[in-house]
Amino acid sequence: DQQVKQNSPSLSVQEGRISILNCDYTNSMFDYFLWYKKYPAEGPTFLISISSIKDKNEDGRFTVFLNKSAKHLSLHIVPSQPGDSAVYFCAASALNDYKLSFGAGTTVTVRA
Amino acid sequence: DTEVTQTPKHLVMGMTNKKSLKCEQHMGHRAMYWYKQKAKKPPELMFVYSYEKLSINESVPSRFSPECPNSSLLNLHLHALQPEDSALYLCASSPPPLAGFYEQYFGPGTRLTVT
C-alpha cells in the first residue's frame, strides 16, 4: 500500500523558471517529511525537510510547503538550474519511527 | 562530514558465490540501514540496526545476512542469490529517532549484478 504518492513521474522545466514537485500522503501518523534528490548510479542526497508543526521551510533555492489538512506537500525550486536535473523522492516518517516511506519519484529535466 | 561510504561500487557474482557489501560512517550515528533499489523505483527498506542491534528486518530472505560489527560499520553478507536480486544496494545512517525526527544520509550504493 503506497502511503506516499508522487503522481507526476516526470517534469520538464526551462532553466531559470520555477519547478514545482507535488507529493500526497495517506497516513495521518506522518509528522516529518523529506525531499531527496538522486542522480543515476548514486545514492539519494538529502535536500530539505519539514515537520508537521510548520507549513513552510526554506533553504536557498528550495522551499517545501506542507498542507497537513490536505495531506499534501510540495517542493519549489527557484530558479531551476541544469544541475537540478535528477529524480526527486518525497519521503515521510512518523515520530520515533525508523522507517521512511518513499514516493515513486519525479524525474526533473531542466532545459537550457 | 555527512559521508557514508560503501564498497565495492560494483559487484558481479554468480548464484553460488558468497560475497559481502560494506558500509562505513563516521558521523556518530547509532542507526544504520540497508535498502534495495531497483531501477525507476524508490528505495525499499531491508534492515535497520540501532545501537548495533538488529531492530527491523523487513521479511528479507535469509540469503541476505546483515551484520553490525561496531557503531561505524555495517555489512551485508550475500549467499546463493538469485538474478532478481540484482539491484542497487544502499546503506544509510541517522541518529536514532528516539527524540524527534532525523534525516537519513545515504551512501553511493553498490550496484550488484547476479549472473
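Predicted, not measured: the structure shown is a model, and the values here were computed from it.

**Remarks on the overall build of chain A**
Each helix and strand counted, chain A has zero helices and 11 strands in total. Along the chain direction, N to C, the helices and strands of chain A fall in the order β-β-β-β-β-β-β-β-β-β-β. Relative to the 2.2 N^0.38 estimate, which gives 13 Å for 112 residues, the radius of gyration of chain A is 13 Å and therefore close to what a compact globule would have. Seen along its three principal axes, the alpha-carbon backbone of chain A occupies a region of about 40 × 30 × 20 Å. Looking at the 112 residues of chain A, the share that counts as buried comes to 46%. In chain A, the proportion of contacts linking residues at least 24 apart, taken out of those at least 6 apart, comes to 54%.

**Overview of the state of the cysteines**
Residues and elements named next belong to chain A. Going through the model one piece at a time under the given rule, you end up with two disulfides over all chains. Here C23 connects covalently by a disulfide to C90, the sulfurs 2.0 Å from one another. Its S-S torsion of approximately -75 degrees makes the covalent link between C23 and C90 left-handed. Of this pair, C23 sits in strand β3 (residues 19-25) while C90 sits in strand β9 (residues 86-94), and the two are 67 residues apart along the sequence. With a relative accessible area of 1%, C23 lands in the buried category.

**Comments concerning the interface of chain B and chain A**
Facing the 29 residues of chain B at the interface are 23 residues of chain A. Carbon and sulfur atoms make up 66% of the area that chain B and chain A hide from each other, which totals about 1,900 Å². Contact with chain A buries surface across chain B, with P97, F101 and E103 of chain B losing the most and accounting together for 31% of the total. Between chain B and chain A we count six residue pairs in polar contact (both at pLDDT 80 or more) in total.

**Some words on a nonpolar patch on the surface**
On the surface, I18, I20 and V78 of chain A cluster together into a nonpolar patch covering about 230 Å² of accessible area. The class for I20 of chain A is partly exposed, based on a relative accessible area of 37%.

**Here's the deal with the sheet that holds strand β6 (residues 56-59) of chain A**
Strand order in the open sheet formed by five strands is β1-β3-β8-β7-β6 (chain A), with antiparallel pairing between adjacent strands. Here the strands that pair on one side only, and so sit at the sheet edges, are β1 (4-5) and β6 of chain A.

**Observations regarding the sheet that holds strand β1 (residues 4-7) of chain B**
Residue and element names in this part refer to chain B. Reading across the sheet, the four strands line up as β1-β3-β8-β7 and stay open at both edges, with antiparallel pairing between neighbours. At either margin of the open sheet sits one strand with a lone partner, and together these are β1 and β7 (64-70). Put simply, the sheet's adjacent strands are angled 20 degrees from each other on average, direction ignored. In this structure, strand β3 (residues 18-25) lies alongside strand β8 (residues 73-79), joined through seven bridges in antiparallel fashion. Bridge assignment links K19 to a residue of β8, and that residue is L78.

**Considering the pattern of salt bridges**
All names here are of chain B. Overall, the coordinates contain eight salt bridges over all chains when judged by the stated rule. Close ionic contact of R30 with E52 constitutes a salt bridge, the shortest N to O distance being 2.9 Å. Of this pair, R30 sits in the loop between β3 and β4 (31-37) while E52 sits in the loop between β5 (44-50) and β6 (53-57); the two residues are 22 residues apart in sequence, bridging distant segments of the chain.

**Quick notes on the layout of surface pockets**
The space that makes up the largest pocket amounts to roughly 540 Å³. Contributions of two or more residues to the lining of the largest pocket are made by β9 and β10 (101-102) of chain A together with β5 of chain B. The dominant element in the lining of the largest pocket, judged by the number of residues it contributes, is β5 of chain B, at three residues. Here the lining of the largest pocket is composed, by residue class, of 12 nonpolar, five polar and eight charged.

Each value, and the rule that gives it
- Residues numbered from 1 in each chain as written.
- Chains lettered and ligands numbered in written order.
- Predicted model: local features only at pLDDT ≥ 70, side-chain atom pairs only at ≥ 80, totals over all residues.
- Heavy atoms only, no water.
- Helix = DSSP H or I, 4+ residues; strand = E, 2+ residues; numbered from the N terminus.
- Rg over C-alpha atoms; globule rule 2.2 N^0.38 Å.
- Buried < 20%, exposed > 50% of the residue type's maximum accessible area, 1.4 Å probe, protein only.
- Contact = heavy atoms within 4.5 Å.
- Disulfide = S-S within 2.5 Å.
- Buried area = accessible area lost by both parts, 1.4 Å probe.
- Polar contact = N/O pair within 3.5 Å; in protein donor to acceptor, adjacent residues only side chain to side chain.
- Patch = residues over 30% accessible without salt bridge, like charges linked within 9 Å, V, L, I, M, F, W, Y side chains within 5 Å.
- Areas by Shrake-Rupley, 256 points an atom, 1.4 Å probe, with all protein chains shown as cover.
- Salt bridge = Lys/Arg side-chain N within 4 Å of Asp/Glu carboxyl O.
- Pairing = 2+ DSSP bridges.
- Axes fitted to C-alpha atoms, helices over the stretch in contact; angles between N-to-C directions.
- 1 Å grid on protein atoms, 1.4 Å probe; cavity = no way out; pocket = protein on both sides within 12 Å on 5 of 7 lines; lining within 4 Å.
- Points joined across faces, edges and corners; volume = space filled by probe spheres on them.
- Nonpolar A, V, L, I, M, F, W, Y, C, P; charged D, E, K, R; others polar.

What is shown is where atoms sit, not what they do.
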